[in-house]
Amino acid sequence: MQKTTRHRTNFISTIILLTTLGIIAFLVIMLINHVNLETRFNTIINWLQKIDNAVANLDTEREILICIFALYIAKCQLPIPMSILCAVSGLVFPLDKAILINVMFTIFFFGVKYAEGSFIGGGWAGMILNIKKMHFLRDWIQFKGNGNPYFLSLTRLIPAIPLGMVSKYYGSMHYDFIYYIVLSIVGYAPRLFIYTKLGAAFVNPFSVQFITLLIIIIAFTGITSLIFNIFYGIKSNQMTQTLLIYSQKEKYKIVL
């Protein structure tokens, strides 16, 4: 059983590592040849710049803001990547204004999912953590029933962990709302900035800035996913050993 768990962890870790390295290698090649790519795809770049200039010259910022807010509302129930929503704001508004907009709307999203958890329950996260093999993770998150603040901030930083699932689970625990919002924004801030900056640089997808940001995102996602997978494998092995020791003790008691 322990060998099977270890082999599965190693296999998943290998896939994550190879995929991450492969994508980064491809992006590095693009970075080296970005001048040739800009020349070859000059028509696409000019078209994107025209769109950016047209949006910048619009006098209806309020309508654009309402449309972005509508996307965040849709995100509360639909699997729309948060990275895309942040990038859209960065594409449409100046960077400082886009970051402020994304912070406000992200707080709204976190608040909605927290409220859902408070009234409906932990959802998928609660069901997954109630599985016997996941009890060690559930106990760590609950932190003696009060909620683990470190885990909350950490999950906001790791792209592989769904934001909504964690939010609903902390809502189901009735974790202090103010601390929840502050810790969530602090943990998510680096990703929010990079995603927004990526949207601002999207007018030239072959620029050094855009490709570099992509490399950072891919590398960070791969590394954090790898660490999380290794951590889960170690804790799962520990839980398996504990259960085996407990079962042996119970057998011994029965024999006596």
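Quick look at the structure, then. It should be emphasised that the depicted structure is a prediction, and the values quoted were computed from it without experimental measurement. (Residues numbered from 1 in each chain as written. Predicted model: local features only at pLDDT ≥ 70, side-chain atom pairs only at ≥ 80, totals over all residues. Heavy atoms only, no water.)

**Brief notes about the overall build of the chain**
Moving on, step 1. Along the backbone of the chain there are twelve helices and zero strands.
Moving on, step 2. Counting helices and strands in the order they occur from the N terminus, the chain gives α-α-α-α-α-α-α-α-α-α-α-α.
Moving on, step 3. Buried positions account for 38% of the 256 residues belonging to the chain.
Moving on, step 4. Put simply, of all contacts in the chain between residues at least 6 apart along the chain, 75% involve residues at least 24 apart.
Moving on, step 5. Carbon and sulfur atoms provide 71% of the accessible area of the chain, an area that totals close to 15,100 Å². (Helix = DSSP H or I, 4+ residues; strand = E, 2+ residues; numbered from the N terminus. Buried < 20%, exposed > 50% of the residue type's maximum accessible area, 1.4 Å probe, protein only. Contact = heavy atoms within 4.5 Å. Areas by Shrake-Rupley, 256 points an atom, 1.4 Å probe, with all protein chains shown as cover.)

**Observations concerning the environment of L95**
Moving on, step 1. Its place among the elements puts L95 in helix 6 (residues 95–120).
Moving on, step 2. The partly exposed category is assigned to L95, whose relative accessible area is 26%.
Moving on, step 3. Once the C-alpha coordinates of L95 and A201 are considered, the two residues, 106 residues apart in sequence, prove to be 10.0 Å apart.
Moving on, step 4. Those residues in contact with L95, other than ones at most four positions away along the chain, are F193, T196 and K197.

**Points about a nonpolar patch on the surface**
Moving on, step 1. Taken together, F177, I178, V182 and V186 make up a surface patch of nonpolar side chains, about 370 Å² in accessible area.
Moving on, step 2. Topologically, I178 is positioned in helix 11 (residues 177–200). (Patch = residues over 30% accessible without salt bridge, like charges linked within 9 Å, V, L, I, M, F, W, Y side chains within 5 Å. Salt bridge = Lys/Arg side-chain N within 4 Å of Asp/Glu carboxyl O.)

**Examining the nonpolar core**
Moving on, step 1. In terms of nonpolar packing, the biggest core is built from 36 residues, with Y72, M82, F110, Y170, Y180 and Y188 touching the most fellow members.
Moving on, step 2. Looking at this core, the elements that each hand over two or more residues are helix 4 (61–75), helix 5 (82–92), helix 6, helix 9 (149–157), helix 10 (163–172), helix 11 and helix 12 (208–255).
Moving on, step 3. It is helix 11 that provides the largest number of residues to this core, a total of seven residues.
Moving on, step 4. Residues contacting Y170, with those up to four places away along its chain left out, are Y114, I141, G147, N148, F151, L152, Y175 and Y180.
Moving on, step 5. With seven residues, the next largest nonpolar core counts I24, L27, L37 and F206 among its residues. (Core = buried A, V, L, I, M, F, W, Y, C linked by side-chain atoms within 4.5 Å.)

**Some details on the layout of surface pockets**
Moving on, step 1. Of the pockets and cavities examined, the largest pocket occupies roughly 470 Å³.
Moving on, step 2. Lining the largest pocket are 24 residues, with K75, P79, P162, L163 and G164 positioned closest to its centre.
Moving on, step 3. Of all elements in the fold, only helix 5, helix 6, helix 7 (123–129), helix 10 and helix 11 reach the threshold of two or more residues within the lining of the largest pocket.
Moving on, step 4. With four residues, helix 10 is the largest single contributor of residues to the lining of the largest pocket. (1 Å grid on protein atoms, 1.4 Å probe; cavity = no way out; pocket = protein on both sides within 12 Å on 5 of 7 lines; lining within 4 Å. Points joined across faces, edges and corners; volume = space filled by probe spheres on them.)

**Focus: the packing of aromatic side chains**
Moving on, step 1. Applying the stated rule across the entire model yields nine aromatic pairs.
Moving on, step 2. Ring geometry for Y114 against F177: centres 5.1 Å apart, planes inclined by 65 degrees, an arrangement best described as edge-to-face. Of this pair, Y114 sits in helix 6 while F177 sits in helix 11, placing them 63 residues apart in sequence.
Moving on, step 3. Grouping aromatic residues by their ring pairs yields a cluster made of F69, Y72, F105 and F108. (Phe/Tyr/Trp six-rings, centres within 6.5 Å; stacked < 30°, edge-to-face > 60°.)

**Observations regarding helix 6**
Moving on, step 1. Compared with the 38 Å implied by 1.5 Å per residue over 26 residues, the 37 Å span of helix 6 between its first and last C-alpha is a close match.
Moving on, step 2. Listed in full, the buried residues belonging to helix 6 are A98, I101, N102, F105, T106, F109, F110, G111, K113, Y114, E116 and G117.
Moving on, step 3. Against helix 4, helix 5, helix 9, helix 10 and helix 11 lie the buried residues of helix 6.
Moving on, step 4. Once helix 6 ends, the next one or two residues include G121, with phi positive near 120 degrees. (Expected span 1.5 Å × (residues − 1).)

**Examining the packing of helix 5 against helix 6**
Moving on, step 1. At a minimum axis separation of 8 Å, helix 5 and helix 6 run at an interaxial angle of 145 degrees. Read as a crossing pair, helix 5 and helix 6 show a hand that is right-handed. Contacts from M82, L85, C86, S89 and G90 of helix 5 reach helix 6 at A98, I101, N102, T106 and F109.
Moving on, step 2. For the contact of helix 5 with helix 6, a count of residues per class yields six nonpolar, four polar and no charged. (Axes fitted to C-alpha atoms, helices over the stretch in contact; angles between N-to-C directions. Left-handed = near helix turned anticlockwise from the far one by under 90°. Nonpolar A, V, L, I, M, F, W, Y, C, P; charged D, E, K, R; others polar.)

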